[in-house]
Amino acid sequence: MTATPDVDATRLASPELLRSVFRRHAAGVAVITALGESGPVGFTATSLTSVSAEPPMLSFGIGTGSSCWPTLSRAGHAGVHLLGEHQRELAATFARSGADRFAAPTAWHEGPEGVPVLDDVSAWLVCRIHARVPAGDHRIVLAEVLLGDPTGPGRPLLYHQGRFTGLRD
């Protein structure tokens, strides 16, 4: 037997409808970094997707109004960091507008291609940016994986119902 949708709860497409639906979608938390003329930039992303195995490619979304977009719009390379559940504060720092994201206590170092690499993350990749695809008020960045390290500590950090959380068994 199938459930009948609640017609009264049905809403027309809007930014709020999309946000409300995706609050119910648990997503892994990543931090994307790049090096700009004024130094490193980074932001928290839940839009990370594996795109291709041959060649290894991924994608992520970034708003064109983001303070990081001017750098990402020109960068040749980006760092992708999967956060562990022990890194809720780090995720919040990179999600916060106007924060000095690379100041202490953020631990990081310059990695290959000059990409800022965060320390103590569950996994990280350095990627060559392949394309930036217009998608409404965002761009979908397609990037080819060059190298990385999948051996960091921790269980994955998730974003669900507007907050950072861990897996429950």
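Given the structure is predicted, the values throughout are model-derived calculations rather than measurements.

Draft legend 1. Highlighting the nonpolar core. Of all hydrophobic cores here, the largest spans 19 residues; its most connected members are Ile32, Phe43, Leu58, Phe60, Ile62 and Leu72. Looking at this core, the elements with two or more residues in it are strand S2 (30-36), strand S3 (39-45), strand S5 (56-63), helix H2 (69-72), strand S6 (77-82), strand S9 (123-135) and strand S10 (138-149). Residues in contact with isoleucine 32, not counting those within four places in the same chain, are Val41, Gly42, Phe43, Ala45, Phe60, Ala78, Gly79 and Val80.

Draft legend 2. Spatial organisation of the pattern of salt bridges. Under the definition given, this model contains two salt bridges. A salt bridge links arginine 155 to glutamate 85; the shortest N-O distance between them is 3.7 Å. Placement of the pair is arginine 155 in the loop between S10 and strand S11 (157-160) and glutamate 85 in the loop between S6 and helix H3 (88-95), with a sequence separation of 70 residues. Accessibility expressed as a relative area gives 28% for glutamate 85, which makes it partly exposed.

Draft legend 3. Main features of the pairing of S5. In terms of burial, S5 is largely enclosed, as seven of its eight residues are buried. Pairing between strand S4 (residues 49-53) and S5: four bridges, direction antiparallel. Opposite serine 50, over in S5, you have leucine 58 as the bridge partner. Connecting S4 to the antiparallel partner S5 that follows it, the hairpin turn spans two residues. The pairing of S5 with S10 spans seven bridges and is classified as antiparallel. For glycine 61, the partnering residue across the bridge sits in S10 and is isoleucine 140.

Reading guide: rules and limits
Residues numbered from 1 in each chain as written. Predicted model: local features only at pLDDT ≥ 70, side-chain atom pairs only at ≥ 80, totals over all residues. Heavy atoms only, no water. Core = buried A, V, L, I, M, F, W, Y, C linked by side-chain atoms within 4.5 Å. Buried < 20%, exposed > 50% of the residue type's maximum accessible area, 1.4 Å probe, protein only. Helix = DSSP H or I, 4+ residues; strand = E, 2+ residues; numbered from the N terminus. Contact = heavy atoms within 4.5 Å. Salt bridge = Lys/Arg side-chain N within 4 Å of Asp/Glu carboxyl O. Pairing = 2+ DSSP bridges.

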